[in-house]
Amino acid sequence: MRPLFVNIGERTNVTGSARFRKLVANGDYPAALAVARQQVEAGAQVLDVNMDEGLLDSPKAMTTFLNLIAAEPDIARVPIMIDSSKWEVIEAGLKCVQGKSIVNSISMKEGEPKFLEQATKCLRYGAAVVVMAFDEVGQADTRDRKVDICGRAYRLLTETLGFPPEDIIFDPNIFAVATGLEEHNNYAVDFIEATRAIKQNLPYARISGGVSNISFGFRGNEPVRQAMHSVFLYHAIAAGMDMGIVNAGELPVYDAIDPELREAVEDVIQNRRSDATERLVDMAPRYKVGAVAEKAPDAAWRLEPVNDRLTHALVKGIGEFIEVDVEEARLAATRPLEVIEGPLMAGMNVVGDLFGAGKMFLPQVVKSARVMKQAVAYLMPFMEAEGDGSPRKAAGKVLMATVKGDVHDIGKNIVGVVLQCNDYEVIDLGVMVSADRILEEAIKNKVDIVGLSGLITPSLDEMVFVAGEMERRGFSIPLLIGGATTSRTHTAVKIEPAYVRGSTTYVTDASRAVGVVSGLMSPVERPKAEAETRAEYIRIREQFVRSQEAKVRLPLATARANKFAIDWQVSAPPKPSFLGTRAFGPYDLGDLARYIDWTPFFATWELSGPYPQILDDEVVGEAARPLFADAQAMLKQIIDERWYEARGVVGFWPANADGDDIVLWTDETRTTERARFFTLRQQMSKSRGGANLALADFMAPISGPADYIGGFAVTAGLGEAAIAERFKAAGDDYNAILAASLADRLAEAFAEALHHRVRTELWGYAPDEGFDLDALIAEKYRGIRPAPGYPSQPDHTEKATLFQLLDAPAATGIELTESFAMTPPSSVSGLYFAHPEAHYFGVGKIERDQADDYARRKGWTLAKAERWLAPILNYEPTRAAAAVAA
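The structure contained in this document is the topic of the report that follows.

What counts and what doesn't
Residues numbered from 1 in each chain as written. Predicted model: local features only at pLDDT ≥ 70, side-chain atom pairs only at ≥ 80, totals over all residues. Heavy atoms only, no water. Helix = DSSP H or I, 4+ residues; strand = E, 2+ residues; numbered from the N terminus. Rg over C-alpha atoms; globule rule 2.2 N^0.38 Å. Buried < 20%, exposed > 50% of the residue type's maximum accessible area, 1.4 Å probe, protein only. Contact = heavy atoms within 4.5 Å. Areas by Shrake-Rupley, 256 points an atom, 1.4 Å probe, with all protein chains shown as cover. Lys, Arg positive; Asp, Glu negative; His and termini not counted. Charge placed at Lys NZ, Arg CZ, Asp CG, Glu CD. Axes fitted to C-alpha atoms, helices over the stretch in contact; angles between N-to-C directions. Parallel < 35°, antiparallel > 145°, perpendicular 65-115°, else oblique. Left-handed = near helix turned anticlockwise from the far one by under 90°. Nonpolar A, V, L, I, M, F, W, Y, C, P; charged D, E, K, R; others polar. Phe/Tyr/Trp six-rings, centres within 6.5 Å; stacked < 30°, edge-to-face > 60°. Lys NZ or Arg CZ within 6 Å of the ring centre and 35° of its normal. Pairing = 2+ DSSP bridges. Salt bridge = Lys/Arg side-chain N within 4 Å of Asp/Glu carboxyl O. Core = buried A, V, L, I, M, F, W, Y, C linked by side-chain atoms within 4.5 Å. Right-handed = clockwise from strand over helix to strand, strands pointing away. Expected span 1.5 Å × (residues − 1).

### What about the overall build of the protein?
A count of helical and extended segments in the protein gives 33 helices and 21 strands. Against the globule reference of 29 Å for 886 residues, the protein gives a C-alpha radius of gyration of 29 Å, in line with a compact fold. If you line up the protein on its principal axes, its C-alpha atoms span 90 × 80 × 60 Å. Burial analysis of the protein (886 residues in total) assigns 55% to the buried set. Long-range pairs, those at least 24 residues apart, make up 74% of the contacts in the protein with a sequence separation of at least 6. Accessible surface, the protein as shown: approximately 36800 Å² in total, 51% of it carbon and sulfur. Where the 95 positive side-chain charges of the protein centre and where its 122 negative ones centre are 3 Å apart.

Okay, structure coming up:
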């Protein structure tokens, strides 16, 4: 498999984008933020921010822009690359960014002392660094100069400063090729070969570069430039390039480039002909008007030999002719099993290779699996008649389960399908699976690997428990970890140390699963893969300890003194149109469909990009369009045939803040407490007047005016399990996953639709707000609806109070598991805050004093508080907490 490549968004750079420069110069920061948002939506995984412009106050511009980004959750979710040639601008940026940033760049051009001084400051801020291949002599242009300078910098950073090698990113300088100057012709080869040498000789260091530099000689001819970027990256990534500043939304697929143009660009990039530049210059004008049109599809493949037809059907996910072709192959074979082991598995191997190379995408792979199952189902009666029902040995046996207390399984199901496509037998135990059952089934079925999945934060502790049980019972098989709340850091810090006899590996997504599993199944590769993972996790643990020690946290009393201040004499809280609860349902699914945000739907299928632009995306558009068409067709069926039932409940209560608690009163006399929500407060050190927030700050205090709070619970998943099971029973995983992902989208749409109704009617504080889906998705409205278990209030147990107040199980059919996950999984719940200044935030890490205070307020032991707040603790929990978790 080709390595993962990180796209660095290039449009928030005043030196590279005339539009962005103009917006910043005019002080139009809202529009500048829109540029950043568009980069993130287009697939940028890091934002490069550069404010180096002669007429700008660059430090001020950098500070202003980064502070604004910090208040935009949809932008702030990606790391920031602080890009400047001026150290004072970089340092201004470092003071603003929360979390880990990347400094771009430092170098040895002013000598070693200056280099080490700047690197030391980056280390103190916890930032990674881009190190330019630049020394006292100048920029490195040849392969040997690049390697020598990077090696010298690496030794200085790691041996002199103890700089984490995984936080070093080398930029070996991408220079323009095909400029007409002969000495420039080998620049691409020099970069690629230097990258290969650096990755081999400087362990754990990363490689980056400004990709657009390579095509500088063809300014104004975007099709040729884009082809050059794609071809260059094709070779550079294979050599070990990890990331690059590139406009990901305009990068063509390597195989989709017109073959004649691709060959000419290959000649230039690889410097394999003396006349390569002249040939590309002569050819370039033909492409300036735009891309070459795609060829119309035809049915010529039906004339190919049967084995080739089977491969084509599997790759394209075409089931129309599969039984005819399988029958032809069966009649030509000695036994029906030979068709599976021969042409069908050969076709699925092609699918696996294309997926691993990034030339097929997840929806296409799942369709391939559906066709494969259709073919096997056709052959089963013939094999059973021969007494040959299940004779073949798979490449390996993997047991998968969503852990106890958790009900989410879309991601797990996708991984299972992808593994099955690559000839692995998958035993899926489903959801809410206890540790005992997982391990008993693993022994019973003699599995090679166990995979655990989970979405909610309590699942993290359950995974630690399962790992500990595997250790206690003497297991040694590999353990895989995946799911939305899991991470490489949590796996390294918490899970792997609990399972010493075997190996533990974090799997980022379905596209990585096959590579990980195949490596762990290989007798040759497994020792190497496990050793590399263990070494990596040791470094992650060490880095985690350093990063926790480096972060400044405030005592709880100091944080409370810096609470978010609201003038309640100016902001009179509005009263809802009713108090108590009101149920809604069955709710009109057709109305909910209007509120669907389709961008996360594509993300579920590992297709990155904003809707509707993703449908025309040059990289993933070919996969996105048929997926969207299938989704629209199924959505119509869901609505017309009432596959699902949507039910919801809303409640409003008199309430006021009591310190960090929110007290709900029985009535407007506000004398008798009915219930209490407990909130958590940020303890990170703030700069430039930032407040240490808690959700209680958005409520008027008991001594202030009468205030109110709302709550809700909605589901669109009543009936979802039966529909998904129906498709699975028919061997149609594609439609099973599609049905579940649409139920999930309808639930989120229900939450959005009901909140809109709350603002305009039920609470009524924004009666004139119209229906604008883009504005709704961008949360450009008054009020928030934070959910227990998420960043503003990470404690999932607060759902119990909410559900009791709403009588949610009776009103909606939603139940809570022992870990406070909602079932059906396509459900959403949360609180309503109406104040105009209420906004989303993340609590972040907390210290022992707040954990102890929170336990006291809730009537818990400290150990119980540590068990439920484990992911946000900035210290090691007590031993008693581990016992409670177990």
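### What about the packing of helix α26 (residues 720–729) against helix α27 (residues 733–762)?
Packing of α26 against α27 leaves a shortest axis separation of 7 Å and a crossing angle of 165°. By the angle between their axes, α26 is roughly antiparallel relative to α27. In terms of crossing hand, the pair formed by α26 and α27 is right-handed. Each of Glu 720, Ile 723, Ala 724, Phe 727 and Lys 728 in α26 lies in contact with α27, whose residues at this interface are Asp 733, Asn 735, Ala 736, Ala 739, Ala 740 and Ala 743. By residue class, the composition of the contact of α26 with α27 is 7 nonpolar, 1 polar and 3 charged.

### A few points about unusual backbone geometry
Most of the time, phi is negative for any residue but glycine, and the peptide bond is trans. A cis amide bond, omega 15°, links Asn 104 with the succeeding residue Ser 105. Along the chain, Ser 105 falls in strand β4 (residues 102–106). Residue Tyr 611 is joined to Pro 612 through a cis peptide bond whose omega torsion reads 5°. Assignment of secondary structure puts Pro 612 in the loop between α24 (598–604) and α25 (621–641). One non-glycine residue with positive phi stands out, namely Asn 173, at about 75°.

### Comments concerning the packing of aromatic side chains
Each aromatic ring pair is specified by the distance between its two centres and by the angle formed by the two planes. Evaluation of the coordinates by the stated rule reveals 27 aromatic pairs. A centroid spacing of 5.2 Å and a plane angle of 85° characterise the contact between Trp 598 and Phe 601, whose relative ring orientation is edge-to-face. Here Trp 598 pairs with Phe 601, and both are found in helix α24, just 3 residues apart, close to one helical turn. Among the residues examined, Phe 601 registers a relative accessible area of 0% and is labelled buried. Linked through ring pairs, Trp 598, Phe 601, Phe 602, Tyr 611 and Phe 628 together constitute an aromatic cluster. The lysine or arginine in question, Arg 759, covers the ring of Tyr 781, its NZ or CZ lying 3.6 Å from the ring centre.

### Some words on the sheet that holds strand β5 (residues 128–132)
Spatial ordering of the open sheet is given by β7-β6-β5-β4-β3-β2-β1-β8, a layout of 8 strands whose pairing is parallel. With one partner strand each, in any of the chains shown, β7 (206–207) and β8 (243–245) form the two edges of the open sheet. The pairing of strand β3 (residues 80–83) with β4 spans 3 bridges and is parallel. Within β4, the residue paired with Met 81 across the bridge is Ile 102. Along the sheet, helix α6 (residues 112–125) contacts β4 and β5; its crossing angle with β4, the most-contacted strand, is approximately 175°.

### What about the sheet that holds strand β9 (residues 396–402)?
An order of β10-β9-β11-β12-β13 is seen for the 5 strands of this open sheet, with the pairing classed as parallel. Looking at strand neighbours, the two that pair on one side only are β10 (424–428) and β13 (504–506), the edges of this open sheet. Averaged over all adjacent pairs, the angle separating strand axes in this sheet is 25°, with direction ignored. The pairing of β9 with strand β11 (residues 449–453) spans 5 bridges and is classified as parallel. Within β11, the position partnered with Thr 402 by the bridge is Ser 453. Together, β12 (479–482) and β13 form the strand contacts of helix α19 (residues 488–495), whose direction differs from that of β13 by roughly 160°.

### Some thoughts on the side chain of Glu 441
Structurally, Glu 441 can be placed in helix α17 (residues 435–444). This buried residue, Glu 441, is left without a salt bridge; Arg 437 holds the nearest opposite charge, at 4.1 Å. Glu 441 has contacts with Leu 399 and Leu 429, leaving out every residue within four places of it along the chain.

### Some thoughts on the nonpolar core
Counting residues in each nonpolar core, the largest one holds 104 residues, and the members touching the most others are Leu 419, Phe 602 and Leu 607. Sorting elements by how many residues they give to this core places α27 first, with 16 residues. Not counting the four nearest positions on each side in its chain, Phe 602 is found in contact with Leu 607, Tyr 611, Ile 614, Leu 615, Ala 624, Leu 627 and Phe 628.

### Focus: the pairing of β12
Here β12 shows two buried faces, one formed by Leu 479 and Ile 481 and the other by Leu 480 and Gly 482. In this sheet, β12 lies alongside β11 in parallel orientation, the contact comprising 4 bridges. Its bridge partner lying in β12, Gly 451 is registered against Leu 480. Where β12 lies against β13, 3 bridges are found, and the strand directions are parallel. When the bridges of β13 are listed, Leu 479 appears paired with Thr 504. Viewed along the sheet, the connection from β12 through α19 into β13 turns out right-handed.

### As for α27
With 30 residues, α27 should cover 44 Å at 1.5 Å per step; its first-to-last C-alpha distance of 41 Å lies within 8% of that length. Counting buried residues along α27, 25 of its 30 residues qualify, which places the element largely inside the surrounding structure. One or two steps after α27, the chain reaches Gly 764, where phi turns positive at roughly 75°.

### Quick look at the pairing of strand β2 (residues 46–50)
Judged by how many residues are buried, β2 sits mostly within the fold: 5 of 5 residues are covered. Residues of β2 alternate between two faces, with Val 46, Asp 48 and Asn 50 on one and Leu 47 and Val 49 on the opposite face, all of them buried. Sheet topology note: the strand β1 (residues 6–9)/β2 ladder contains 2 bridges and is parallel. Paired with Ile 8 across the strands is Val 46, a residue of β2.

### What to know about the environment of Lys 114
Tracing the sequence through the fold places Lys 114 in helix α6. When its relative accessible area of 33% is taken as the criterion, Lys 114 is described as partly exposed.

None of this, on its own, says anything about what the molecule does.
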